[in-house]
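Residue-level listing of the chains:
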Amino acid sequence: MKKIAIKGTGSFSPERVVPNSYFEKIIDTSDEWITTRTGIKERRMIEKGQAMSDLATLASASALQMAGISADELDLIIIGTSTADMLSPSAACMVQYRLGAKKAVAFDVNAACPGFIYGLAVAQKFMQDGSYSKALVVGGEIVSNRLDYKDRSTCVLFGDGAGAVVLEHSNGKDNGEILAMDIESDGDLWHLIHVPGGGSRIPPSHEMLNEGLQYLKMNGNEVFKHAVRTLVDSARKIMAQQGITSEEIDWFIPHQANIRIMDVVAEKLGIPTEKVIVTVHKYGNTSAATIPVAFDEAVRSGQIRKGDLVLVSSFGAGLTWGAALFRY
Ligand code: UT7
């Protein structure tokens, strides 16, 4: 089985900054509530007319540049997203077109927040036997236009963004290698986070729009409990598989949904806060984009260096969850 390494990273976050004070003007909330309950101070949101593939294309171009490979060398493009530009075709095909990656096979993975980890797991399987050799995996999301700005329990939490990695077979000379992956789902809990309208069960209609069924619904309290359990279990599972203890982890990037969840999970795993990469204060929860954006920023700032052992884990609608352990 061939080894796979991350050769380049990239990310793009929209320029429009929406601070907590914006929500104080439109709903019954406060900067104090949002900050203490979630850790979020501001988030980035697209301008009207921008779409997911716009962000994903910019993130991808930047990852390709770091990897030193051109788009026409890619043979696989996977985008983890549940907010593609259109219901069909996939966002991956739009990105393929925008990059000019003519040789690649392109498709989306719809696994909500862990979409990037799911994409990484699929790419790893496709590449391990040598069938594919240069892959682009993106986690990207535009949540801002799926939010009900009258529902204070959800609208303050989310933002938009995209992050990307370029994968190649590891040449063995450096230490870069994806060591272990875990992806899991529990469809029994689908109702905890969902967007009811706009799909085949409740297709678009005036009635659907009047009832606000195009917006994200979430049972935050219940999700919180499952989040802690699944993030911890998944991370422990892959560390045990590799015989790695939490002391050996250089950096932990949990899904950036709520600082309280991240703190509890890191504590349960025995990972000190100095090793936890945090971006939730500036971007909020960008769903599938949280991990690749945080990873790219940590690489570019020099925090994460070649050879570091990195653990990432995520959970979200489905429910879906997963973790990845890799040496950068
Ligand atoms: O990536 C997708 C995964 N999703 C998540 O990770 C979300 C996980 N859940 C959470 O992060 C938290 O449950 C929330 C941040 C969503 C909510 O925090 P909480 O501490 O669980 O608050 P709560 O839902 O228990 O609500 C406490 C109170 C309620 O008021 P009452 O009933 O006690 O009077 C809410 O109505 O806070 C109220 N509340 C707010 N107050 C001010 C809810 N949202 C707000 C708000 N501003 N924005």
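Every value quoted in this text rests on a predicted model; they were computed, and no experiment measured them. (Residues numbered from 1 in each chain as written. Predicted model: local features only at pLDDT ≥ 70, side-chain atom pairs only at ≥ 80, totals over all residues. Heavy atoms only, no water.)

## Notes on the domain arrangement of the protein chain
Moving on, step 1. Segmentation of the protein chain into domains returns domain 1 (3-172) and domain 2 (178-327).
Moving on, step 2. Averaged C-alpha coordinates put domain 1 and domain 2 at centres separated by 13 Å.
Moving on, step 3. If you look at the interface, domain 1 gives 48 residues, while domain 2 gives 48 residues.
Moving on, step 4. Regarding the contact of domain 1 and domain 2, the summed buried area is about 3800 Å², with carbon and sulfur atoms giving 64% of it. (Domains from an automatic or database assignment. Contact = heavy atoms within 4.5 Å. Buried area = accessible area lost by both parts, 1.4 Å probe.)

## A word on the state of the cysteines
Moving on, step 1. The final tally for this structure, using the stated rule, is zero disulfides.
Moving on, step 2. Cys155 takes part in no disulfide bond, and the closest cysteine sulfur, belonging to Cys113, lies 17 Å away. (Disulfide = S-S within 2.5 Å.)

## Some details on the site of the ligand
Moving on, step 1. Neighbouring the ligand are 23 residues; Thr29, Arg37, Asn258, Arg260 and Asn285 lie closest to it.
Moving on, step 2. Within the side chain of Thr29, an N or O atom sits 2.6 Å from a nitrogen atom of the ligand.
Moving on, step 3. At a separation of 3.0 Å, a nitrogen atom of the ligand approaches a polar backbone atom of Gly220.
Moving on, step 4. Burial of the ligand by the surrounding chains reaches 74%, relative to a free accessible area of 950 Å².
Moving on, step 5. At the level of secondary structure, the elements contributing two or more residues to the shell around the ligand comprise helix H2 (31-38), helix H6 (152-155), helix H8 (220-242) and helix H9 (259-269).
Moving on, step 6. Top contributing element to the shell around the ligand by residue count: H8, with four residues.
Moving on, step 7. Of the residues in the shell around the ligand, the class split is eleven nonpolar, eight polar and four charged.
Moving on, step 8. Mapped onto the domain boundaries, the shell around the ligand takes at least three residues apiece from domain 1 (3-172) and domain 2 (178-327). (Near = heavy atom within 4 Å. Polar contact = N/O pair within 3.5 Å; in protein donor to acceptor, adjacent residues only side chain to side chain. Areas by Shrake-Rupley, 256 points an atom, 1.4 Å probe, with all protein chains shown as cover. Helix = DSSP H or I, 4+ residues; strand = E, 2+ residues; numbered from the N terminus. Nonpolar A, V, L, I, M, F, W, Y, C, P; charged D, E, K, R; others polar.)

## Overview of the side chain of Ser287
Moving on, step 1. Mapped onto the secondary structure, Ser287 falls in the loop between helix H10 (280-283) and helix H11 (290-300).
Moving on, step 2. Taking relative accessible area as the criterion, Ser287 reaches 7% and is therefore assigned buried.
Moving on, step 3. For Ser287, the contacting residues outside a window of four places in its chain are Ala112, Cys113, Glu141, Val143 and His255. (Buried < 20%, exposed > 50% of the residue type's maximum accessible area, 1.4 Å probe, protein only.)

## Focus on the nonpolar core
Moving on, step 1. Ranked by internal contacts, the top residues of the largest apolar core, which has 44 residues, are Leu269 and Leu311.
Moving on, step 2. Within the residue set of this core, elements represented by two or more residues are H8, H9, strand S12 (309-316) and strand S13 (320-327).
Moving on, step 3. Top element by residues in this core is H8. It accounts for eight residues.
Moving on, step 4. Each of domain 1 (3-172) and domain 2 (178-327) accounts for three or more of the residues forming this core.
Moving on, step 5. Once you skip the residues sitting within four places of it in the chain, Leu311 turns out to touch Ala235, Ile238, Met239, Ile249, Trp251, Phe252, Ile253, Leu269, Ile271, Ala324 and Leu325.
Moving on, step 6. By size, the runner-up hydrophobic cluster in this structure holds 33 residues, among which are Val137, Met181, Ala298 and Ala324. (Core = buried A, V, L, I, M, F, W, Y, C linked by side-chain atoms within 4.5 Å.)

## Some remarks on helix H3 (residues 52-67)
Moving on, step 1. The terminal C-alpha atoms of H3, which comprises 16 residues, lie 22 Å apart, in line with the 22 Å expected from a rise of 1.5 Å per residue.
Moving on, step 2. When H3 is considered as a whole, its buried residues turn out to be Met52, Ser53, Leu55, Ala56, Thr57, Ala59, Ser60, Ser62, Ala63, Leu64 and Ala67.
Moving on, step 3. Among the structural elements, strand S1 (4-12), strand S4 (76-80), helix H4 (91-99), strand S6 (134-142), strand S7 (160-169) and H11 are those in contact with the buried residues of H3. (Expected span 1.5 Å × (residues − 1).)

## Some remarks on unusual backbone geometry
The general pattern is negative phi for most residues beyond glycine and trans for most peptide bonds.
Moving on, step 1. Here the amide bond leading from Ser88 into Pro89 is cis, since omega sits at 5°, within 30 degrees of zero.
Moving on, step 2. Its place among the elements puts Pro89 in the loop between S4 and H4.
Moving on, step 3. Backbone geometry places Ala112, a non-glycine residue, at a positive phi of 55°.
Moving on, step 4. Structurally, the position occupied by Ala112 is in the loop between strand S5 (105-109) and helix H5 (115-128).
Moving on, step 5. On the basis of relative accessible area, Ala112 is assigned to the buried category, the value being 8%.

## Observations regarding the packing of H8 against H9
Helix packing geometry: the angle between the two helix axes and the distance between the axes.
Moving on, step 1. Across the interface, H8 lies against H9 with an axial gap of 10 Å and an inter-helix angle of 35°. As H8 runs across H9, the sense of the crossing is right-handed. Across from Phe224, Ala227, Val228, Leu231, Val232, Ala235, Arg236 and Met239 in H8, the residues of H9 making contact are Arg260, Ile261, Val264, Val265, Lys268 and Leu269.
Moving on, step 2. Taken together, the residues that form the contact of H8 with H9 break down as eleven nonpolar, no polar and three charged. (Axes fitted to C-alpha atoms, helices over the stretch in contact; angles between N-to-C directions. Left-handed = near helix turned anticlockwise from the far one by under 90°.)

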